[in-house]
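Inside the fold
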Amino acid sequence: MQYKELVEVYEKLGGTTKRLEKRDILAKFLPLLLKEDARFVYLLHGKVTADYDNREFGISKQLVMKGLAQTFGKTFEKIEALFATQGDLGEITEKLVEKRTQKGLFSKSLTTAYLFTQLESILGLSGKGSVERKLGVVEGLLGQASALEAKYIVRTLLGDLRIGVQGAVLVDAIAQAWYPDESEVIALVQESYDLTTDFAGVLHAAARGKAALRKMVLHPNKPLQVMLPVKVTDLAEAFEICGKPAALEHKYDGFRMVLMRDEKGEIRLFTRKLESVTHQFPDVVQVMQKTLGNTTYILDAEVVGHDPKTGKTKPFEAISQRIRRKHHIEELVKQLPVVVNVFDVLYYKGEGVTELPFVERRKLLEKIIPVHKEIHPSEQIVTDDLAVAERFYKKALALGEEGIMIKKLDAPYRPGRRVGYMVKLKPLVADLDVVIVGAETGTGKRGGWLTSYVVACKEGAHYKELGMVSSGLKEKEEEGMTYEAMTKLLKPLITHTEGNMVRVKPQLVVSITYQNIQPSPRYTSGFGLRFPRILHYRPDRKPHDIATLDEIKALVKKQHASGGFGLQ
Ligand code: ATP
């Protein structure tokens, strides 16, 4: 398959926002793609690996700009200036290649297979010589590409294809391609993807038949899309959705981790976003080896930071570095120990158990997970009594947990879905006025705009950072304050630029909402906001009107005392 053919499909997909049209474009194309190599389907997501494989190209905009400068004989500054005004390196590349083509310098044609292997060759490369190797691949590919192909090569390298093909459209398209008149197959395709997170495998199975799709099962060496909760506002609603009695569990404030051991004894750990974190958590691997025996399993869990001195849970912020850290892991393991709260079992002794009702899975879980100080079953009660549930909720908040999860006892586990088999209940949020002191440039369709904002409170004449906020503004003017409008307000205030980040004069006040405030060494205030969101731009307020650090400290105290905000 010529890369040109794939690029034509990209163009068609990018040219429509209508989901059905996208589905039909893909449905026509997928059988052709499968004839050549099912793995090319990954390219529709700008990848050359299945979704469970998180190795990246590791190519920054800076590197692409360097590659462009070298390939087209321009200065880096010239390319940087083009980027500053146009914001899309894909389109900039397209124009550069067009000029070259006009000079008659372009000839070769690129196959998808060649592009695929070239991209594969730079996956996960790091260390000495890797930058040169990556640059070599970028230059090599751009040297052979047509203008349009070059645009998509650059967009692929930067992880920003802009063709709007989410997983759900691809699922619809696969069903449409092989089973156009059987709408129930959509769910089957979705399920086989959620269990395997590999569209190439799903394509093969879909072409073979429905039985093959049904046979796609969990395997304890691949992560899966985890089941997600629906949000409720009170316990009555929770019981309405989950039925009575229901299971209630603490909503631990850590990060989700899927733990698995395959038949070869290999233990793997994945986050909810399918990132492998086995390397970062040798302590968890060790405790699994020690306590869980030599069989195959997949467990769903929440890993939380633990303070051995106080015996209390540490806020998520404090242990988030454990996911990011790649070196000197052992040191960090000692500084920031974790506890694994296991709340579900999905595979055990060679068999998937996702179809078992939750109450049965929980029984199995209690049988296989010991109550150990580093790993244990999640705290749970089963009740149909609202008053008992209320007490459990308040106790969880008083212990500093985020809220509770309520789970339906007779429900199976549905990977990848936000179905009402479990629901979450968290306290209402509060709001705060803060000033913007910095910002970060966005990517994708927000490229060129400042889309994440560093916000701060004040302490005397100084501003103290509380974190980054990137949600809450709108895409369209009629819906409210847009990122574009905010960028226009901020640009004249820029005092310093470094990479994607700018510092700005503290002038713009915004009201934000957040879930809670946590101690955080990352920000100069010593606190960080969890889940901040901009509610309004406040042109009516001045920086001296914003929250003070003392007020923040008082809010944190109050949070502790009441076990959270808005507790009903
Ligand atoms: P957000 O989705 O806004 O990022 P979040 O990451 O906490 O917030 P939610 O959808 O609010 O996600 O809550 C679901 C998450 O709660 C799960 O993905 C899991 O990480 C976590 N969790 C903590 N305790 C439990 C539990 N006992 N059972 C299931 N999930 C739990």
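Along each chain, the written sequence defines residue order, and numbers are assigned to residues from 1. It should be noted that, the model being predicted, local features are given only for residues of pLDDT at least 70 and side-chain atom pairs only at 80 or more, the latter also being counted only at that level, while totals for whole chains, interfaces and linings use all residues. Note that the side-chain values use all heavy atoms of the structure and ignore hydrogens as well as water.

1. Comments concerning the overall build of the chain
Helices and strands together make up the secondary structure of the chain, namely 21 helices and 21 strands. A compact globule built from 568 residues should have a C-alpha radius of gyration of about 24 Å, and the chain, at 26 Å, falls within 12% of that. The principal-axis extents of the C-alpha atoms in the chain amount to approximately 80 × 65 × 50 Å. Any two residues whose heavy atoms approach within 4.5 Å are treated as being in contact. Put simply, 69% of the contacts in the chain that link residues at least 6 apart link residues at least 24 apart. Note on areas: these come from Shrake-Rupley sampling with a 1.4 Å probe, and a residue is covered only by the protein chains present in the view. Carbon and sulfur atoms make up 51% of the accessible area of the chain, which totals about 26600 Å². Positive and negative side-chain charges of the chain, numbering 84 and 72 respectively, have mean locations separated by a distance of 2 Å. Counting from the N terminus, the helices are DSSP H or I runs at least four residues long and the strands are E runs at least two residues long. Only the C-alpha atoms count toward the radius of gyration. The rule for a globule is 2.2 Å times the residue count to the power 0.38. Charged residues are defined narrowly, with Lys and Arg counted positive, Asp and Glu counted negative, and His plus the chain ends left uncounted. A single reference atom marks each charge: NZ on Lys, CZ on Arg, CG on Asp, CD on Glu.

2. Some details on the pattern of salt bridges
Just to be clear on terms, a salt bridge is a Lys or Arg side-chain nitrogen sitting within 4 Å of an Asp or Glu carboxyl oxygen. Following the criterion strictly, the structure yields 29 salt bridges and no others. A salt bridge links lysine 151 to glutamate 11; the shortest N-O distance between them is 3.4 Å. Of this pair, lysine 151 sits in helix H8 (residues 147–157) while glutamate 11 is found in helix H1 (residues 3–14), placing the two residues 140 residues apart along the sequence. Residue exposure (1.4 Å probe, protein chains only): buried if accessible area is under 20% of the type maximum, exposed if over 50%, otherwise partly exposed. For glutamate 11, a relative accessible area of 32% puts it in the partly exposed group. Of the charged contacts, one joins glutamate 94 and lysine 151 as a salt bridge, the two residues approaching to 3.8 Å between their closest N and O atoms. Highlighted residues: glutamate 94 in helix H5 (residues 89–102) and lysine 151 in helix H8, separated in sequence by 57 residues.

3. Points about the side chain of threonine 196
With respect to the helices and strands, the residue threonine 196 is situated in helix H10 (residues 185–196). Polar contacts, as counted here, are pairs of nitrogen or oxygen atoms within 3.5 Å of one another; within protein the pair requires one atom able to donate a hydrogen and one able to accept it, and residues that are adjacent in sequence qualify only if both atoms are side-chain atoms. In this structure the side chain of threonine 196 is engaged in a polar contact, spanning 2.6 Å, whose partner is the backbone oxygen of serine 192.

4. Observations regarding the nonpolar core
One finds Tyr10, Leu30 and Val41 to be the most contacted residues of the largest nonpolar core, which totals 76 residues. Apart from the residues lying within four places of it in its own chain, the contact partners of valine 41 are Leu30, Leu33, Leu170, Phe199, Ala200 and Leu203. In this description, a nonpolar core means a group of buried Ala, Val, Leu, Ile, Met, Phe, Trp, Tyr and Cys residues linked to one another through side-chain atoms lying within 4.5 Å.

5. Focus on the sheet that holds strand E1 (residues 230–232)
Paired strands, in this sense, are two strands between which DSSP finds at least two bridges. Strand order in the open sheet formed by five strands is E1-E12-E11-E2-E10, and the pairing between neighbours is mixed. Edge strands, defined here as strands with exactly one partner in the open sheet, are E1 and strand E10 (380–383). Here the average twist between neighbouring strands, direction ignored, is 30°. Alignment of E1 against strand E12 (residues 422–425), held across three bridges, turns out to be parallel. Bridging across to E12, valine 232 finds its partner in leucine 425. With axes taken as lines fitted to C-alpha atoms, and helix axes fitted only over the stretch in contact, angles between N-to-C directions fall between 0 and 180 degrees.

6. Considerations on the site of the ligand
Only heavy atoms are used to decide nearness, and a residue is near a molecule or strand if one of them lies within 4 Å of it. Within the structure, the ligand sits among 17 residues, and Lys251, Arg256, Glu302, Lys407 and Lys424 are positioned closest to it. The side chain of arginine 272 places a nitrogen or oxygen atom 3.5 Å from an oxygen atom of the ligand. With respect to the ligand, the side chain of lysine 424 contributes an N or O atom lying 2.7 Å from an oxygen atom. Expressed as a share of its isolated accessible area of 610 Å², the protein-covered part of the ligand is 84%. The leading source of residues in the shell around the ligand is strand E2 (residues 246–251), at three residues. In the shell around the ligand, the residues fall into six nonpolar, one polar and 10 charged. Any residue that is not Ala, Val, Leu, Ile, Met, Phe, Trp, Tyr, Cys, Pro, Asp, Glu, Lys or Arg is counted as polar, Gly included; the first ten are nonpolar and the last four charged.

7. Section: the domain arrangement of the chain
With domains assigned, the chain is organised as domain 1 (47–157), domain 2 (230–425) and domain 3 (431–562). Note that domain bounds follow an automatic or database assignment of domains. Taking the mean C-alpha position of each, domain 2 and domain 3 sit 32 Å from one another.

8. Side note on helix H6 (residues 112–121)
Those residues of H6 not exposed but buried are Thr112, Leu115, Phe116, Gln118 and Leu119. Down the axis of H6, the buried side of the element spans an arc of 165°, and every buried residue falls inside it. In this structure, the buried residues of H6 make contact with H1, helix H7 (130–144) and H8. Picture the helix axis, draw a direction to every C-beta atom, and the arc is the one those directions span.

9. Some points on unusual backbone geometry
Cis peptide bonds are those with omega within 30 degrees of zero, and the linkage from lysine 244 to proline 245 qualifies with -10°. Tracing the backbone shows proline 245 in the loop between helix H13 (235–242) and E2. Although it is not a glycine, threonine 197 sits at a positive phi angle of roughly 45°. For threonine 197, the location among the structural elements is in the loop between H10 and helix H11 (199–208). A residue is classified by how much of its surface remains accessible, and threonine 197, at 0% relative accessible area, is buried. Look at histidine 328: it is not a glycine, yet its phi comes out positive at around 50°. In this fold, histidine 328 is placed in the loop between helix H16 (321–324) and helix H17 (329–335).

10. Some points on the environment of threonine 196
Using a relative accessible area of 4% as the deciding quantity, one classes threonine 196 as buried. Sequence separation between threonine 196 and alanine 50 is 146 residues; the distance between their C-alpha atoms is 9.3 Å. The residues contacting threonine 196, other than those within four sequence positions of it, are Tyr52, Val202, Met216, Val217, Lys222 and Pro223.

11. Considering the pairing of strand E3 (residues 255–261)
Along any regular strand the residues' side chains alternate between the sheet's two faces. Taken across its seven residues, E3 has seven buried, putting it largely inside the fold. Where E3 lies against strand E5 (residues 297–306), seven bridges are found, and the strand directions are antiparallel. Among the inter-strand pairings, phenylalanine 255 is bridged to a residue of E5, identified as valine 303. The hairpin turn running from E3 into strand E4 (residues 267–271), its antiparallel successor, is five residues long, and glycine 265 in that turn takes a positive phi close to 90°.

12. What about the packing of helix H4 (residues 76–86) against H5?
In the contact formed by H4 and H5, the axes pass within 9 Å of each other and the chain directions differ by 125°. The angle between H4 and H5 places the two elements in the oblique class. In the crossing of H4 with H5, the sense of the turn from one axis to the other is right-handed. Along the contact surface, H4 presents Ile79, Leu82, Phe83 and Gln86, while H5 presents Leu89, Ile92, Lys95 and Leu96. In these notes the angle categories are as follows: under 35 degrees is roughly parallel, over 145 is roughly antiparallel, 65 to 115 is roughly perpendicular, and the rest is oblique. Put simply, a crossing is left-handed when the front helix is turned counterclockwise from the back one by less than a right angle, and right-handed when it is turned clockwise.

13. Things to note about the packing of H6 against H7
One way to put it is that H6 packs onto H7 with a least axis distance of 10 Å and a crossing angle of 165°. With respect to H7, the element H6 is oriented roughly antiparallel. In this structure, the crossing between H6 and H7 has a hand that is left-handed. Here Tyr114, Leu115, Gln118, Leu119 and Ser121 of H6 lie close against H7, whose contacting residues are Arg133, Val137, Leu141 and Gln144. Taken together, the residues of the contact of H6 with H7 sort by class into five nonpolar, three polar and one charged.

14. Describing the environment of proline 245
Using a relative accessible area of 37% as the deciding quantity, one classes proline 245 as partly exposed. Sequence-distant contacts of proline 245, that is, excluding residues within four places in its chain, are made with Val382, Thr383, Asp384 and Leu409.

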